[in-house]
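Structural overview for review
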Amino acid sequence: MDNLNKAYQLIDDADVVVVTAGNGLAKIEGLDLLGQTNFSQEFPEIFKNYGVLSVGTALDLKKLSWKQRWSIWSEFIQKYSLTYEPSVTMRQLKQLLENKEYFIATSTFANFFEKAGFNKKRLFNIFGNWTKMQCSSGVNHGLQDDIAAVQQFLSAKDNTRELASLVPQCTVCGQPMEIHLPLNDHFYPDTDDNARFRWFLTGSENKRTVFLELGVDETSPQLLNPVLHLVEEYEQWSYVAADLKKERLPESINKRSVAFNADSKNLLAALVKG
């Protein structure tokens, strides 16, 4: 209870809340990147054709045709993004941030925060967003929405001849487009979102700022140690960790941090109740 009271007070007193959200939160929203439970039943064709047992291993498949890649990507985007409805936990997070200046840095790439109604100018998808696509040439020709392409692939999935003609092409160079994820060396983060996040942190240097960790794990180290180092640097910044053990946090921020080693779902439910 003392930890909960401390976390509630840190967030209540804060001028700014920066949320770092990782794979643990994605699991709550329905997408377990590495989970194998029911994969073969939910995606029987992908399992049959490629023998993979998780979304992560399917995304890592190499030497596929563009038709095959977009067929796989379209199934995942349909299930986890197009039909997504925010969970109670996501709605509670939105409630918690309602009267706060906030920014969300996340490795959850399935468009959860956007569909849940968070301010898109206050989001940085560090691993991209698979409802966007980029040129596969490796040259930054900008990002485009891929929902229309996904829907076309889903509608024509039984017509293999037609699928090849549906692979989206870059409007600048004509190369095939790929989803905006770090699947290869061609990936680049959204430069506008990255810049907004950096300027937001700079503008918060002298404010009471709380970093709220939700589901960050080994799949997104960029959201852990670099953030902890920042909190160490600024004495007015604090850290609330849903999923980490106290021993994982630097001793230097012990008095202005709290760790639950639990999960985001239970922590957010308790914080909203106050």
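Data block above holds the structure.
Quick caveat, the model's predicted, so the values are computed rather than measured.

Here we look at the overall build of the protein chain
On a plain count of helices and strands, the protein chain comes out with 13 helices and nine strands. Expected size for 274 residues packed as a compact globule is a radius of gyration near 19 Å; at 20 Å, the protein chain falls within 12% of this value. Along the three orthogonal principal directions, the C-alpha set of the protein chain runs to about 60 × 40 × 30 Å. Out of the 274 residues belonging to the protein chain, those deemed buried represent 47%. The long-range fraction of contacts in the protein chain, counting pairs at least 24 apart against all pairs at least 6 apart in sequence, stands at 66%. By element, 47% of the accessible surface of the protein chain is carried by carbon and sulfur atoms, the whole surface being about 13,700 Å². With 29 positive and 34 negative side-chain charges, the protein chain shows a separation of 2 Å between the mean positions of the two kinds.

Some points on the sheet that holds strand S7 (residues 209-214)
Within the open sheet, the six strands sit side by side as S3-S2-S1-S7-S8-S9. Their pairing is parallel. Each edge of the open sheet carries a strand with a single partner, namely strand S3 (123-125) and strand S9 (257-259). With strand direction ignored, the average angle separating the axes of adjacent strands in the sheet is 15°. When strand S8 (residues 237-241) meets S9, the two strands line up parallel, connected through three bridges. Bridging across to S9, Tyr239 finds its partner in Ser257. Packed on one face of the sheet, helix H1 (residues 2-13) meets strand S1 (16-21), S7, S8 and S9 and runs near 135° to S9.

Observations regarding the sheet that holds strand S5 (residues 144-145)
Here we have three strands laid out as an open sheet, ordered S5-S4-S6, and antiparallel in their pairing. Of all the strands in the sheet, just S5 and strand S6 (177-180) have a single pairing partner and so form its edges. Examined bridge by bridge, strand S4 (residues 129-135) and S6 share four bridges and lie antiparallel to one another. Along S6, the bridge assignment pairs Asn129 with His180.

Notes on the packing of H1 against helix H13 (residues 264-273)
One way to put it is that H1 packs onto H13 with a least axis distance of 10 Å and a crossing angle of 65°. When the interaxial angle is binned, H1 and H13 end up roughly perpendicular. For the crossing formed where H1 meets H13, the hand is right-handed. Taking contact as the criterion, the partners of Leu4, Ala7, Tyr8 and Ile11 in H1 are, on H13, Leu267, Ala270 and Leu271. Residue classes in the contact of H1 with H13 are distributed as seven nonpolar, no polar and no charged.

Some words on the nonpolar core
One finds Leu59, Trp70, Phe76, Leu93, Trp130 and Leu212 to be the most contacted residues of the largest nonpolar core, which totals 62 residues. Of all the elements, helix H6 (residues 66-82) adds the most residues to this core, at six residues. Not counting the four nearest positions on each side in its chain, Leu93 is found in contact with Val19, Phe113, Phe118, Leu212, Leu214 and Leu268. Ranked by size, the runner-up nonpolar core spans 25 residues in total, among them Val18, Leu223, Leu224 and Leu244.

A closer look at the pairing of strand S2 (residues 101-106)
Counting buried positions along S2 yields five of six residues, so the element is predominantly enclosed. Two strands pair when backbone bridges link them, and S2 and S3 are joined in this way by three bridges, in the parallel orientation. Within S3, the position partnered with Ala105 by the bridge is Phe124.

Cut-off values and rules
Residues numbered from 1 in each chain as written. Predicted model: local features only at pLDDT ≥ 70, side-chain atom pairs only at ≥ 80, totals over all residues. Heavy atoms only, no water. Helix = DSSP H or I, 4+ residues; strand = E, 2+ residues; numbered from the N terminus. Rg over C-alpha atoms; globule rule 2.2 N^0.38 Å. Buried < 20%, exposed > 50% of the residue type's maximum accessible area, 1.4 Å probe, protein only. Contact = heavy atoms within 4.5 Å. Areas by Shrake-Rupley, 256 points an atom, 1.4 Å probe, with all protein chains shown as cover. Lys, Arg positive; Asp, Glu negative; His and termini not counted. Charge placed at Lys NZ, Arg CZ, Asp CG, Glu CD. Pairing = 2+ DSSP bridges. Axes fitted to C-alpha atoms, helices over the stretch in contact; angles between N-to-C directions. Parallel < 35°, antiparallel > 145°, perpendicular 65-115°, else oblique. Left-handed = near helix turned anticlockwise from the far one by under 90°. Nonpolar A, V, L, I, M, F, W, Y, C, P; charged D, E, K, R; others polar. Core = buried A, V, L, I, M, F, W, Y, C linked by side-chain atoms within 4.5 Å.

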